[in-house]
Structures are given as C-alpha cells and as structure tokens.
Amino acid sequence: MIQKVLTKIDKLDAKISSLEQRAIGATKALVKESLKAPDVLRDTREDYEAWSESEDELDKLKDMRDHFLSECENLTPDEKVFLARHPKRPHIDDFIGGLFTDFFEQKGDHLFDEDKSIYGGIARFHGIPVTVVGHMKGHTMEENMEYNFGMPCPEGYRKALRIMNQAEKFGRPIITFIDTPGAYPGLEAEEHGQGEAIAMNLAKMSQYHVPVISVVTGEGNSGGALAIGVANKVLMLENAVYSILSPEGFASILWKDAERHKEACKLMKLTADDLYEAGVADEIVKEPVGGAQRNYGEVFKNLDRVLYSTLKELMTLSPSGCKRQRLEKYRKIG
Amino acid sequence: MGTFLDSLSFPARVRKDIGEVFLKKDKEPVFITCKSCNRRALKRDWQENFYVCPVCGNYRPIGAYYRLSLILDKGTFRELNEDMTAKDPMGFPEYKDKLKGQMQKTGLPEAAVTATGKIGGHKVVCAVLDSRFFMGSMSSTVGEKVTRAIEYATEKKLPLIIFSASGGARMQEGIYSLMQMAKTAAAIEEFNAAGGLYISFLTHPTTGGVTASFASLGDITLAEPGALIGFAGPRVIEQTIHKKLPKGFQRSEYLEAHGFVDRIVPRSEMRDTLLQLIELHA
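These numbers come from a predicted model, not from an experiment.

(A) Just the overall build of chain B, in detail. Each helix and strand in chain B was counted, giving ten helices and nine strands. Relative to the compact-globule value of 19 Å for 282 residues, chain B shows a C-alpha radius of gyration of 18 Å, a close match. Counting only C-alpha atoms and orienting by the principal axes, one finds that chain B spans roughly 50 × 45 × 40 Å. Burial statistics for chain B: of 282 residues in total, 58% are counted as buried. Put simply, of all contacts in chain B between residues at least 6 apart along the chain, 67% involve residues at least 24 apart. Total accessible area on chain B stands at roughly 11,600 Å², and carbon and sulfur atoms take up 51% of it. Charge separation in chain B, taken as the distance between the mean sites of 37 positive and 31 negative side-chain charges, equals 5 Å.

Have a look at this one:
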C-alpha cells in the first residue's frame, strides 16, 4: 500500500537530508577551520573523515529510496485517490504563491457571508492580470476546520461567481483550482440554495467571453467541483482525480456500503488518464514520483509551463470564439 | 385539464403508459393502496383525482406520458428524439442488464421524455423526467435529450417546460453523467439569451445534479405539493451534521418559505397555471 511506502520514503528522506546537512556542515567547518590553528584543523578533519565513511551509508539509503520510489510509479486508482487527498499536497494558496505575483485577495459573496472554503482574487500570471479562484484546503486539522475541508456552502459558490463575473467585465482570463470532497451537505447550505448556487455558476461560466482554465489539483468530486470548472481547458495534475462523487459516496449509493470504496475506485474511471480519454481533461501535468507533496518546486515548474502555453493559445481566440469553444467542449460530451 | 379520453389521441405505445401509472397491465386492480396513509381507494377515484390519494391527498408519482396527457391539447403531442436510448459509456459492470430490466419494467427507453405539443393552442416544448426509470437519474442520454429539447425551443422560439423528477446523477455513467450538468445549464443559458420563457416544474423527487443544473434555472419555478427538492439527500445531511432535520425539510412548502419556489401548484391546477403563464408571456 502506497501509504506505507510513502512513510518509508519520508523517513529515508529525513535520514538522507540529515546526513547531507552534516556533510555540508563538516565541509564548511573544514574550510573555515583550515585558517586556524593546525590542531583544531586536525579535529575537524577527523569529523570530516568520519562523515566520509558514512558516505557509503548515504548511497545505500538513496538506493533504498529509489527502490521505494519505483514502487510509486504505477499507481492504482485508489492509491491516486490517497495522493490526491494527501494533507501535504500543495493547495491553492501554495499555487498562488508559487506561480502568481501581485495577488490581491477578494473576500465574501457581498450578499450574506464569507465562505473560507473558496479562496481567490486578482493576480498576475507572467505579468498578465488574471482572476484566480479555487477550493481552499488546509494542511492541518485546525486549518481544515477553518476551511470546512474545502466543502463550500452556497455563499462560497456565489463568492466565486462574483469574482469571476468581474473577470468577465474587465476582460481578465480566469484560472480556477479544483480540490474538493464536494459541496457541503448541511442544513443551512440546503436552505440557502446549494443547488441553485451551483446551477447558476454552471450557467454563467458557460457564457464568459474570457478564457477559463481549470486545474484539478487534488480531488474533484461532484457538482461541487464542476461549479467552478466549466472551462475552455481542463488541466489535471497526474495524481489528481475527478469524478461524479467521492468513492465512499459512490460505494454507499451503489452497494449501500461505503467500505467498498477501493473497489469503487477501480470502476469509476476517475484518474487523469481516464478523464483525458473521456475528453474532459485536456492536459495532464507531471508530478514528481511519489506525489506532488514531495517537491512543490517541480510541480510549480511543470504546471507553469502547461498553464502558460494553454493560456497563450486561448488568448489568440476572439471573445465570441472563446465562448463558442467552451460551449462546444461540453456540448460534445455524452 | 385533459381527460383519459383525450389521451386516446396519443400514439399506441404512449397510450400504454397513460392511466396505468405504476400498475402492471395484466392484473388490473380495482383498488389502489396509498403508500402514505395505507388506505385503499377505488382506482377510478384515483384516476379522477390525477393520482393524488383521494383519502389523504398524498401525491403519487406519475409517468411522463401520463403527465403530458394531462397538460397537452388533444392530438397535439409529438415526441422528440423518441428513439434515443441509454448508452453504457464506461462499460460499467451489469449496467446494460440493469438498463434492459428498467426498459422492460417501464416500457421507456430512458428516464426522459421530450415532446412538443400545444397548451390552449400555444405551441410549447416539454421535457419530462420519469422517476420510474432508474429514479429519473441523469444519464448522458437524459442530458442529451433535455439539451436537444432546449435547443429545439431556442431555435423555434417556443416556451419551454421541464418537469424534473430525479434521484440525481446516474452513478454507472460517472463523469459523463456529471458533465450533463454543464451541458444542460449552458443550453438553458443560451435559451435565456434568446429571450425564451422557461418554466421549471419540480416534482417528487428533484435532487442532486438535476437540482444543481437545469431544474434551478427557471424563469418561473413551480413545485408539486410535498415534493422532496434539494441538492444533498436528507440521509447524507443527517450523517454530516449529526442532527435530526426539521419536519418538512426540503419539501416544496419549505423551499417556497425559503425563497426558491414561485408557487406550489396542485396537479389539478397544473394545466391552467401553465396556460396562464404562457399567455402572460405571449
């Protein structure tokens, strides 16, 4: 199971990095101390030599890590679901920090409430002003409580719609980040029109004349994901998943047994490759072996390249051509 | 209101459905038992009452063709895309067999019937979801039929009436089912841009992806009394919030009180209400 493999890799990472730190420390000390008295130099040199002996160990650890990483190469759909939900996976705030500049956050639906499970505002992407909006998840339990685990209420969808409508008004491209277990199934959420809020977003997003790009970064479940995902182009991170419902919900509806979620994953066709084949995803963005949480920098670099080329391509379309391309994309499905 | 005799102007394969509602043809019972109050009443009384329980007033779900027979002028019914049947886009295990079973049970090719016809002489486009077929769930074919009906109404500049009744997405069609939400919502928005009148009629039950797409986008939203209408199902909500839900939660009357329904319309007033609205927009 990927979970155990990842834990082993994490432990090896920690050991390797501590050994490497010691090596850097020892080398630095050696250089520094070489300017000092010879006897001190000798002590430091012993330190360095001691470390050199452990170099073999370092190689061994790295070999082990490579071995475990190779086990992460062909993942099953349920292992991808695990990675898609990994608490250390980069979330929208990480992506904004890594790929955008000049971010100005916009809060609230300006009707009733501020829903923190949706995060967004105006920013620059390669210098181009864009609107960026997406689901917000936390890395810790406390953060997740604050962001309601990325499950929006109608106010969140209306907030997203408000700032996307502004993008349309000012001719800014829209980039959305999808990562949600689904729309929040709560009492107030229903009273405030969860269905209406999602429906309205689908309807309005279909009409925009500005380019809309959606990036599925983690799990994209149900109408709660699609509500900010009616896009000209849909990009998916390699280990992201996108489906009608969470595998647990799917198993519970189909077999009245949420425990059969792994079995559900196999049938649901929810991986990036499946979605590409279905014509829903247009590009797949490579992740480091073992998942995006292992190296944010690499993910940002890969996503930046695909996102920029996709945006450039869409910006060549006329406003009405852009709208038409999006309508045609969804008109074709099913 | 159309009568049973009016319905004889429907094609034969449609007629099978009319007046039979949930009953098998081979054993024609004299009495029907209400699922809510458990009391029996004469089938004839049920029919005269449009399948609303003559004893307690509970609404029995009705078939798509039967509903159309109640609102359309005699001899005006013309079905659209009647031969489109369900597909199996994901090759989901046992789905084909289940579909076959549903087709045999209901005599329907899918959970949506789309048609044109006249109400009081005004031509309209109707789409009706039928909860007997796979709980009226949104398959790619349901989404496609509804979209084609909307596009037909847009092209011919006709009023559009959609009767929703759905358990939500068709699980066996996965992402293809989900994408029908975007497709139908986009079609409605194009219809809006062309200035058409869309009356969304919510019937029991309207939930999930149908609620979160075309059903919630009407210019006028009507609902049948006592219908369950919501996005998430009540069981899921109770499990999430660990609280009992208030009485009448997610019912038509509750939605009307919370600002999402224009009017609750009894079945006996369905045709007259639609006619009034169409004439107000003519």
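(B) Up close: the packing of helix H11 (residues 247-255) of chain A against helix H12 (residues 261-268) of chain A. Residues and elements named next belong to chain A. Relative orientation of the contacting elements H11 and H12 amounts to 95°, with a least axis distance of 8 Å. In this view, H11 runs roughly perpendicular relative to H12, as classed from their interaxial angle. Note on element contacts: H12 touches H11 through His-261, Glu-263, Ala-264, Cys-265, Leu-267 and Met-268, opposite Pro-247, Glu-248, Phe-250, Ala-251 and Trp-255. Residue composition of the contact of H11 with H12, by class: eight nonpolar, one polar and two charged.

(C) Examining the nonpolar core more closely. Of all hydrophobic cores here, the largest spans 162 residues; its most connected members are A:Phe100, A:Tyr242 and B:Leu274. Here this core takes ten residues from helix H6 (residues 174-193) of chain B, the largest share from any one element. Residues within four places of A:Phe100 in sequence aside, it is in contact with A:Phe95, A:Ala123, A:Arg124, A:Phe125, A:Val130, A:Val132, A:Ile175, A:Phe177 and A:Leu307. One finds A:Val5, A:Ile9, A:Cys72 and A:Leu83 within the second-largest nonpolar core, a separate group that totals 14 residues.

(D) Spotlight on the interface of chain B and chain A. Facing 45 residues of chain B, the contacting portion of chain A comprises 44 residues. Across the chain B to chain A interface the summed buried area is about 3,800 Å²; carbon plus sulfur atoms make up 72%. Among the residues of chain B in contact with chain A, B:Met171, B:Met179 and B:Phe231 are the three that bury the most area, contributing 18% of the side total. Inspection of the chain B/chain A interface yields four salt bridges. Our count for the chain B to chain A interface comes out at 14 residue pairs in polar contact (both at pLDDT 80 or more). Per element, the largest residue contribution to the side of chain B that touches chain A is 14 residues, and it comes from H6(B). The residue makeup of the side of chain B that touches chain A, split by class, is 25 nonpolar, 13 polar and seven charged.

(E) Up close: helix H14 (residues 296-314) of chain A. Residue and element names in this part refer to chain A. Here H14 is 19 residues long and its end C-alpha atoms lie 26 Å apart, about the 27 Å a rise of 1.5 Å per residue gives. Looking at H14, one finds that the buried residues are Val-299, Phe-300, Asn-302, Leu-303, Val-306, Leu-307, Thr-310, Leu-311 and Leu-314. Structurally, the start of H14 carries an N-cap: the backbone nitrogen of Gly-297 is 3.2 Å from a side-chain oxygen of Asn-295.

(F) Just a negative patch on the surface, in detail. A contiguous patch of negative charge on the surface is contributed by A:Glu55, A:Asp56, A:Asp59, A:Asp63 and A:Asp66. Of note, A:Asp66 is situated in helix H3 (residues 55-70).

(G) Quick look at the side chain of A:Lys329. All names here are of chain A. Within the secondary structure layout, Lys-329 lies in helix H15 (residues 319-331). What makes Lys-329 buried here is its relative accessible area of 8%. Of the polar contacts made by the side chain of Lys-329, one reaches the side chain of Asp-282; its length is 3.0 Å. Ignoring any residue separated from it by four or fewer positions in sequence, one finds Lys-329 in contact with Ala-231, Asn-232, Val-234, Gly-279, Val-280 and Asp-282.

(H) Representation of the packing of helix H5 (residues 92-99) of chain A against H14(A) in the model. Residues and elements named next belong to chain A. Relative to each other, H5 and H14 sit at 70°, their axes nearing to 10 Å. Taken as axis vectors, H5 and H14 run roughly perpendicular relative to one another. Between H5 and H14, the contacting residues are Asp-94, Phe-95, Gly-98 and Leu-99 on the first element and Tyr-296, Val-299, Phe-300, Leu-303, Asp-304 and Leu-307 on the second. Taken together, the residues that form the contact of H5 with H14 break down as seven nonpolar, one polar and two charged.

(I) How the structure looks around the confidence of the model for chain B. For chain B, per-residue confidence averages 91 on the pLDDT scale, and residues scoring 70 or more make up 90% of the total. Interface confidence for the predicted complex, expressed as ipTM, amounts to 0.93; the pTM equals 0.93.

(J) Representation of the sheet that holds strand S9 (residues 263-264) of chain B in the model. All names here are of chain B. Strand order in the open sheet formed by seven strands is S3-S4-S5-S6-S7-S8-S9, with mixed pairing between adjacent strands. Here the strands that pair on one side only, and so sit at the sheet edges, are strand S3 (78-80) and S9. Pairing geometry for strand S7 (residues 198-206) and strand S8 (residues 220-223), over four bridges, is parallel. When the bridges of S8 are listed, Ile-199 appears paired with Ile-220.

(K) Fine view of the pairing of S8(B). All names here are of chain B. Residues Ile-220 and Leu-222 line one face of S8 and the alternating positions Thr-221 and Ala-223 line the opposite face, and both faces are buried. In terms of strand pairing, S8 meets S9 through two bridges, oriented parallel. When the sheet's bridge partners are listed, Ala-223 is paired in S9 with Ile-264.

(L) Broad picture of the packing of aromatic side chains. All names here are of chain A. Summed over all chains, the structure comprises 14 aromatic pairs over all chains. An angle of 15° between the planes, with centres 5.3 Å apart, marks the rings of Phe-95 and Phe-177 as stacked. Taken together, the positions of Phe-95 in helix H5 and Phe-177 in strand S4 (residues 174-180) put the pair 82 residues apart, joining distant regions of the chain. Considered together, Phe-95 and Phe-177 belong to a single accessibility category, that of buried residues. Consider the rings of Phe-95 and Phe-300, whose centres lie 5.6 Å apart with planes at 65°: the pair is edge-to-face.

(M) Structural context of unusual backbone geometry. Cis geometry marks the peptide bond from B:His204 to B:Pro205; its omega dihedral reads -15°. Structurally, B:Pro205 is set in strand S7. The backbone of A:His126 shows a phi angle near 50°, a positive value even though the residue is not glycine. Mapped onto the elements, A:His126 comes out in the loop between strand S2 (118-125) and strand S3 (128-135).

Scoring rules and cut-offs
- Residues numbered from 1 in each chain as written.
- Chains lettered and ligands numbered in written order.
- Predicted model: local features only at pLDDT ≥ 70, side-chain atom pairs only at ≥ 80, totals over all residues.
- Heavy atoms only, no water.
- Helix = DSSP H or I, 4+ residues; strand = E, 2+ residues; numbered from the N terminus.
- Rg over C-alpha atoms; globule rule 2.2 N^0.38 Å.
- Buried < 20%, exposed > 50% of the residue type's maximum accessible area, 1.4 Å probe, protein only.
- Contact = heavy atoms within 4.5 Å.
- Areas by Shrake-Rupley, 256 points an atom, 1.4 Å probe, with all protein chains shown as cover.
- Lys, Arg positive; Asp, Glu negative; His and termini not counted.
- Charge placed at Lys NZ, Arg CZ, Asp CG, Glu CD.
- Axes fitted to C-alpha atoms, helices over the stretch in contact; angles between N-to-C directions.
- Parallel < 35°, antiparallel > 145°, perpendicular 65-115°, else oblique.
- Nonpolar A, V, L, I, M, F, W, Y, C, P; charged D, E, K, R; others polar.
- Core = buried A, V, L, I, M, F, W, Y, C linked by side-chain atoms within 4.5 Å.
- Buried area = accessible area lost by both parts, 1.4 Å probe.
- Salt bridge = Lys/Arg side-chain N within 4 Å of Asp/Glu carboxyl O.
- Polar contact = N/O pair within 3.5 Å; in protein donor to acceptor, adjacent residues only side chain to side chain.
- Expected span 1.5 Å × (residues − 1).
- Patch = residues over 30% accessible without salt bridge, like charges linked within 9 Å, V, L, I, M, F, W, Y side chains within 5 Å.
- pLDDT = per-residue confidence, 0-100.
- Pairing = 2+ DSSP bridges.
- Phe/Tyr/Trp six-rings, centres within 6.5 Å; stacked < 30°, edge-to-face > 60°.

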